[in-house]
Amino acid sequence: MTRKNIVILTGAGISAESGISTFRDTGGLWENHRLEDVATPEGFEADPHLVHRFYNARRAQLHEVAPNAAHFALAALERAWEGRGDFLLVTQNVDDLHERAGSRRLLHMHGELRRLRCTMCEETHPHAQDAGLELACPACGRAGTMRPDIVWFGEIPYHMDEIGAALGEADIFCAIGTSGLVYPAAGFAAEAVHNRRGCELFEINPNPTGVEVYDHVIAAPATHGMAELLRLLGVED
Ligand code: OAD
């Protein structure tokens, strides 16, 4: 059997059925806050306490939610793909539902709720509890320098070299639950199409995104859509 490499991109929609709200399905507000106030470096500079409180609430919510069938199906796909080709899961989500479902080759391109970053030395650290300016950086020892390890608007996403290399070698690309509005992730499908391997493109989204490069659009919520994707790829769940 010829080897086929898979790259999957997930967005907020894959966690919607776990009870985490998406960004743009709620009228441009994220949990009642304007994105500029809680998801930009300028917002953090203007009111770091508000921003910490906001992400503390998002971090605490992780205790109340669980991975859904789509997260588990992706972990099953990764296991089933062993020996068939490379597998990479890239997520824009900052929740930890993919890892809790058992995904292993996983890159969080927009950071993680359960990590903090020092604004001075740039080191990142796991952090599962509430955070605030009273914390000292475990690496450099300075106090008042810790921020959520989230890639905010205007900042450069993580792992771009590794993601670019995987897209260059992808035979199958699938975007799940993402509006296709935020770059650079929004450009991944086009990048995969142009990689000269004849990459086959799938999209799973219950709503039309208007992105036109996909060969197969599975117009369903992620849980049902993943079952269909596994069927199309010949993988038993
Ligand atoms: P969006 O909120 O922009 O889009 C969510 C997508 O999920 C929409 O296209 C919905 O149609 C779809 N959707 C809703 N319910 C679904 C379901 N049950 N199954 C599958 N899809 C469903 O979220 P993202 O595309 O992830 O950045 O947004 C990208 C980035 O913008 C986020 O990572 C975030 C935000 O600003 C940062 O936090 C840095």
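Residues numbered from 1 in each chain as written. Predicted model: local features only at pLDDT ≥ 70, side-chain atom pairs only at ≥ 80, totals over all residues. Heavy atoms only, no water.

**Some points on the site of the ligand**
Around the ligand sit 22 residues in total, of which R24, V151, T178, S179 and N207 are the nearest. The separation between an oxygen atom of the ligand and a polar main-chain atom of Q92 is 3.2 Å. Protein contact buries 94% of the 800 Å² of open area that the ligand shows by itself. Put simply, the ligand lies in the largest pocket. Taken together, the residues that form the shell around the ligand break down as nine nonpolar, 10 polar and three charged. (Near = heavy atom within 4 Å. Polar contact = N/O pair within 3.5 Å; in protein donor to acceptor, adjacent residues only side chain to side chain. Areas by Shrake-Rupley, 256 points an atom, 1.4 Å probe, with all protein chains shown as cover. 1 Å grid on protein atoms, 1.4 Å probe; cavity = no way out; pocket = protein on both sides within 12 Å on 5 of 7 lines; lining within 4 Å. Sits in = over half its atoms within 2 Å of the grid points. Nonpolar A, V, L, I, M, F, W, Y, C, P; charged D, E, K, R; others polar.)

**A short note on the nonpolar core**
Counting 24 residues, the largest nonpolar core has I8, L77, I176, M226 and L233 as the members making the most contacts within it. Sorting the residues of this core by element identifies β1 (6-10), α5 (69-81), β4 (87-91), β9 (172-176), β10 (200-204) and α9 (222-232) as the ones contributing at least two each. At five residues, α5 tops the list of elements feeding residues into this core. Sequence-distant contacts of I8, that is, excluding residues within four places in its chain, are made with L74, L77, F87, L88, L89, V90, C174 and I176. L88, F173, A175 and A192 belong to the second-largest nonpolar core, a separate cluster that totals 19 residues. (Core = buried A, V, L, I, M, F, W, Y, C linked by side-chain atoms within 4.5 Å. Buried < 20%, exposed > 50% of the residue type's maximum accessible area, 1.4 Å probe, protein only. Helix = DSSP H or I, 4+ residues; strand = E, 2+ residues; numbered from the N terminus. Contact = heavy atoms within 4.5 Å.)

**Here's the deal with the sheet that holds strand β8 (residues 146-150)**
Consider a sheet: its strands pair through backbone hydrogen bonds, and that pairing is either parallel or antiparallel. Overall, antiparallel pairing links the three strands, which are arranged β7-β6-β8 in an open sheet. Looking at which strands have only one partner, the edges of the open sheet turn out to be β7 (124-126) and β8. The mean inter-strand angle of the sheet, taken between neighbouring strand axes irrespective of direction, is 45 degrees. Strand direction decides the pairing type here: strand β6 (residues 111-118) and β7, joined by three bridges, are antiparallel. Counted as the bridge partner of L116 is H125 from β7. (Pairing = 2+ DSSP bridges. Axes fitted to C-alpha atoms, helices over the stretch in contact; angles between N-to-C directions.)

**A closer look at the UniProt feature "binding site: substrate" (unreviewed entry) in the protein**
UniProt records the feature "binding site: substrate" (unreviewed entry) for Y55 and R58 in the present numbering. For the largest cavity, the lining residues among the annotations just cited are R58. By the secondary structure assignment, Y55 is in helix α4 (residues 48-61). Not counting residues up to four positions away in its chain, the partners in contact with Y55 are W30, V38, A39, L113, P148, I150 and W152. Only 2.6 Å separates the side chain of Y55 from the backbone oxygen of V38, close enough to count as a polar contact. Take R58: it is sitting in helix α4. In this structure R58 comes out as buried when scored by relative accessible area, which is 12%. Leave out the neighbours within four places in its chain, and R58 touches W30, E31 and L113. (UniProt positions renumbered as here; feature names shortened; annotations may be inferred.)

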